[in-house]
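# Structural overview for review
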Amino acid sequence: MFLDLATLHFASATSRCAYVIVFLVMALSQRGQIFLWHWMGAMAASMAGSFIMMGVPPETLPSVPVTMVIYWLYGASLVLSWTGFRSFFGRPVKIGLGAFLAVLPAVLYPIVLATGLSTRFALAAVFANCSAVAALTSYESFRRMPGVARLWSQYIEAVAFGAYALILLLSIGMLLGTDRPIASAESARASLILDQVAGVFVYFGYVAMTAERANRRLVRIAETDPLTELYNRRGLAEALHQRFADRDGYPSAGLLIADIDHFKVINDAHGHEGGDRILMAFAKRMRSAFRGTDLVARWGGEEFLVVLPGATQRELAAVAERLRASVAEEPFSLRTGALAVTISIGITTMDPNDNDFEQAVQRADAALYAAKSGGRNRVCSAPAAALPDGVPKNDVQEDGVQTRCDDAAFA
C-alpha cells in the first residue's frame, strides 16, 4: 500500500530535521568550517518547504503566495548546496549571484502567470531554473581542484545533484508534453519518493565529504613535518611503499642526504626562531631544486633526505653539487640580516640488489659523514657497486663503505 502524500511530506520534513540537527552539532564543533553552515541552511530550507507542503490538500495547487514561498525555500536549498561546495573547496562564494538564483524561482512563477501563460508553463520555468542550479551544483561538486586529490565522496554528490537536474528536466517534459493533471497524487508521490532517495545520497554525501577530508588531513599531519611541510620519516616510508609496492625490490634511484653545517652554532647565535627560519627557507630551496617525482623529506633535525627515481650516479652528483652551490652562494635572510650557510651532502644510488631501503641510507649516511669530516660544504659519494681501479686518492673508507669526495662533482 502506497503512503499518502501527507505522510510522505512528513517523512521528508522530519528526516531533513534530523540532518539539520546533526549538521548543527558539526557546525558548532567546527566553527571555522563555513561550508557546514551552508549545507545546514540547505537542509533547513528544504525542511521548511516540506512542512509547508504538508498543509496543502492532496491533488490541489497552493495559492500563488504560498507557492512563491515554497519555491523560494527549495531554490535557496539548492543555492546553499552550491555555495557550500564552493566554500568547501576554498573557492570564492558569490553572494550576489547566490541571492539572485535563490529568489528567481519564487519570482518566475507569478511573472510567467502574469504574462497570460498557463500554470504548466509557470511550473516549467521554475523547474528549468532549479534544474540549472542543480546541474551547476553537480559540476561544482565534481570540479577538479589543481594540486588537490579528488575525494571519492565527490562522485556521490555529483551523481545525486545530476539526478536532481535530470528529474526536474523530465518533470518539464511531463508538464508540457502530456495532458495529465498537474497536481495528480501519482506524480506527486513519485516526485517525493525520488526526492527522498536523492536526498539521502546528498546529505550523507555531505557527511562523507567532511569525514573523508578530515581523515586525509589527519594522515597528512601524521606524515608531514609541520615546520617544513616536507615528508617526515613515516610519510617518506608510505610514499616509497605506494610508489614501489608493485616492484620486486627497489628500482634504480638516487639517494641524497643533506645536512646544514654548524646548525647548532646558528641556533645558539640566532635562537630557535632563527634556526627555524633557516630550516623553512632551506626546505623551500630543496623543493625548487628537485623534480616533482622526487621524494623530499626532513629526515631529522637539520638533516634532509631525497629519493630521485631513475637518477644515475652522474646525474645525482650534478644535482647535489647544484644544491650545495646554490646554498653557499645565496645567504639566508634572518631578522638580524643575511646569514651565509653551507651544507654537506652524501649521495649514493639504489638498485634492485639492495635488500632494503636502510642499506642505501647507511651508504649515503657514511658519505655524509665523510663530507663532514673532510671539511664540510662538499658532496661525497658512496657508489652502490665497488669502485673501479684507479679511484682518486681523496677517497676515504667510512664504516666499511668506500666514499669519494670531489669538489668537481665527480665530472
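If you're wondering where the values come from, they're calculated on a predicted model, not measured in any experiment.

The rules we used
- Residues numbered from 1 in each chain as written.
- Predicted model: local features only at pLDDT ≥ 70, side-chain atom pairs only at ≥ 80, totals over all residues.
- Heavy atoms only, no water.
- Helix = DSSP H or I, 4+ residues; strand = E, 2+ residues; numbered from the N terminus.
- Buried < 20%, exposed > 50% of the residue type's maximum accessible area, 1.4 Å probe, protein only.
- Contact = heavy atoms within 4.5 Å.
- Areas by Shrake-Rupley, 256 points an atom, 1.4 Å probe, with all protein chains shown as cover.
- Expected span 1.5 Å × (residues − 1).
- Salt bridge = Lys/Arg side-chain N within 4 Å of Asp/Glu carboxyl O.
- pLDDT = per-residue confidence, 0-100.
- Patch = residues over 30% accessible without salt bridge, like charges linked within 9 Å, V, L, I, M, F, W, Y side chains within 5 Å.
- Phe/Tyr/Trp six-rings, centres within 6.5 Å; stacked < 30°, edge-to-face > 60°.

Time to look at the overall build of the protein chain. Along its length, the protein chain carries eleven helices and nine strands. When each of the 411 residues of the protein chain is scored for burial, the buried share is 46%. Look at the contacts in the protein chain between residues 6 or more apart in sequence, and 71% of them connect residues 24 or more apart. Summed over all atoms, the accessible surface of the protein chain reaches about 20500 Å², with 62% contributed by carbon and sulfur.

The terminal C-alpha atoms of helix 11 (residues 357–373) lie 24 Å apart, and with 17 residues this matches the ideal 24 Å at 1.5 Å per residue to within 8%. Within helix 11, burial applies to F357, A360, V361, R363, A364, A366, A367, L368, A370, A371 and K372. Remark: G375 follows helix 11 within two positions and exhibits a positive phi of approximately 120°.

The next thing to look at is unusual backbone geometry. The residue E229 is not glycine, and still its phi comes out positive at about 65°. A relative accessible area of 62% means that E229 is categorised as exposed. Of note, N377 is a non-glycine position whose phi angle comes to about 55°, a positive value. Residue class for N377 comes out partly exposed when judged on its relative accessible area of 27%.

This part covers the environment of V327. Relative to the elements of secondary structure, V327 occurs in helix 10 (residues 313–329). If we ignore the near neighbours within four places in the chain, the residues touching V327 are F282, R285, F332, V341, T342 and I343.

A word on the pattern of salt bridges. Enumeration according to the criterion identifies 13 salt bridges in this entry. For R216, the salt bridge is made with E212, and the minimal N-O distance between the two is 3.4 Å. Taken together, the positions of R216 and E212, both in helix 7 (residues 185–223) and four residues apart, correspond to about one turn of that helix. The closest approach of N and O atoms between R285 and E330, which form a salt bridge, is 3.9 Å. Placement of R285 in helix 9 (residues 263–289) and of E330 in the loop between helix 10 and strand 4 (332–334) is noted, with a sequence separation of 45 residues between them. The buried category is assigned to R285, whose relative accessible area is 15%. Owing to a relative accessible area of 46%, E330 belongs among the partly exposed residues under this scheme.

Right, let's get into helix 3 (residues 64–88). With 25 residues, helix 3 ought to run about 36 Å at 1.5 Å a step, and its terminal C-alpha atoms sit 36 Å apart, in line with that. Directly after helix 3, the chain includes G90, whose backbone phi takes a positive value near 75°.

What follows concerns the confidence of the model for the protein chain. Detailed conclusions should not be drawn from predicted coordinates in areas where pLDDT is low. Averaged over all residues, the pLDDT of the protein chain equals 83, while 85% of them reach at least 70. Note that pLDDT drops below 50 for residues 386–400; the model gives that stretch 16 contacts with residues more than four away or on any other chain. Throughout residues 407–411 the model reports pLDDT below 50, and contacts reaching past four residues in sequence, or to other chains, amount to 13 contacts.

So, on to a nonpolar patch on the surface. A surface patch of nonpolar side chains, amounting to about 390 Å² of accessible area, comprises V69, W72, V103, V107 and I111. Those elements that place two or more of their residues in the nonpolar patch are helix 3 and helix 4 (95–114). Relative to the helices and strands, I111 resides in helix 4. A residue is classified by how much of its surface remains accessible, and I111, at 49% relative accessible area, is partly exposed.

All chains considered together, the criterion is met by 19 aromatic pairs. Here the aromatic rings of W39 and Y206 are separated by 4.3 Å at their centres, their planes lie at 10°, and the arrangement is stacked. Here Y206 lies in helix 7 and W39 lies in helix 2 (residues 34–54), a separation of 167 residues in the sequence. Considered together, W39 and Y206 belong to a single accessibility category, that of buried residues. Here the aromatic residues Y19, F23, F35, W39, F85, F88, F89, F161, Y164, Y203, F204 and Y206 are joined through ring pairs into a cluster of three or more.

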